[in-house]
Amino acid sequence: MSHFQGIETSEEELHGCNITTVHIQTEEAAKTLQKPVGSYITIETGTPLSRHEHIERVGECLAQVLGRVLRPHYHGKLCVCGIGNRDIPADSLGPEVTRNLPLKVLSELGRDGNFREVVSFETGILGTTNNNTEVLVNGVAKAIDADCLLLVDSLTAKEPERMFQTIQLSTDGGLSPHMSGRKADWSALGIPVISLGVPMVIPTSTLFPDRDLDNRLFTSVGVRSEIEAAGQIIAYAILRVCFPSRSEVECLVYSGLNQNSVPYGFLLELGDEKKEPV
């Protein structure tokens, strides 16, 4: 661990993933790094998310990290917001995650969780709604009396090696809509806002710095597979954190429910294998 002028960094390994955490503790340090005060966490998986044979490994790593971030807000009402455009594969991570969260099923089962209630919704996009995303999120958060927000969105990578194989979290108050390039203002919400995302695109100018490419973004033809893998991994981690009485197997099945449909009755018959809370 290192500490320098209001900036504290640490590194660790969990479930085979490398984790780097940067804590920006002072306004002076925030100005130096041009980031708000808060914690910035990067999970490096080593290979693209779609190539992992067992999502539990990365999912358990993310669950442990996410549990640390969300623990101060346990017992409140958590709202998971899926940001992005479902019709553009590289920008559809947020909607993919929310559709993989069968929260109504789990609430009907009635077991205690780490939160008083967990809800989710998709925000839509400015081009369709004609409303800035943070305005819509603010309205929903106030209407449902949310205590904490978890925003999930596709991110833009700064280096090619970060695409598809890093998961990034921050507690700095929210995401900017990375695909649009517009800077969002989350300060009006008045509640803790945590962001989580995976880089799915990279500026083409980063790959070809000598060409004038008008701020175009590059992604892979296989981005849909990466979105599906990341969507299930993140949903799995959210379920593990929110419903610690559910086993790894149960959360794995629930998080893949919309990709591999099975009767709900089968889910109710899953074993009651216990797992330590994350």
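Here, every reference points to the structure presented above.
Structure report, in brief. (Residues numbered from 1 in each chain as written. Predicted model: local features only at pLDDT ≥ 70, side-chain atom pairs only at ≥ 80, totals over all residues. Heavy atoms only, no water.)

## Examining the pattern of salt bridges
Should the charged atoms of two oppositely charged side chains come close, the side chains can pair.
Working step 1: All told, the structure shown has 10 salt bridges when counted by the stated rule.
Working step 2: With a shortest N-O distance of 3.4 Å, K77 and E117 are connected by a salt bridge. Here K77 is found in strand β5 (residues 77–82), whereas its partner E117 is found in strand β6 (residues 117–122), with 40 residues between them in sequence.
Working step 3: Among the residues examined, K77 registers a relative accessible area of 10% and is labelled buried.
Working step 4: The partner of R99 in a salt bridge is E96, with the nearest N and O atoms 3.1 Å apart. Taken as a pair, R99 and E96 lie in helix α3 (residues 93–99) at a separation of 3 residues, close to a single helical turn.
Working step 5: Judged by relative accessible area, which is 29%, R99 ranks as partly exposed.
Working step 6: Residue classification places E96 among the buried positions, given a relative accessible area of 4%. (Salt bridge = Lys/Arg side-chain N within 4 Å of Asp/Glu carboxyl O. Helix = DSSP H or I, 4+ residues; strand = E, 2+ residues; numbered from the N terminus. Buried < 20%, exposed > 50% of the residue type's maximum accessible area, 1.4 Å probe, protein only.)

## With respect to helix α9 (residues 248–255)
Working step 1: Listed as buried for α9 are E250, C251, Y254 and S255. Down the axis of α9, the sector holding all buried residues measures 125°, keeping them to one side. (Arc of directions from axis to C-beta.)

## With respect to the packing of helix α2 (residues 55–70) against α9
Working step 1: Relative orientation of the contacting elements α2 and α9 amounts to 100°, with a least axis distance of 11 Å. What the angle tells us is that α2 and α9 run roughly perpendicular. On α9, the residues touching I55, E56 and E60 of α2 are E248, L252 and S255.
Working step 2: Classifying every residue of the contact of α2 with α9 gives 2 nonpolar, 1 polar and 3 charged. (Axes fitted to C-alpha atoms, helices over the stretch in contact; angles between N-to-C directions. Parallel < 35°, antiparallel > 145°, perpendicular 65-115°, else oblique. Contact = heavy atoms within 4.5 Å. Nonpolar A, V, L, I, M, F, W, Y, C, P; charged D, E, K, R; others polar.)

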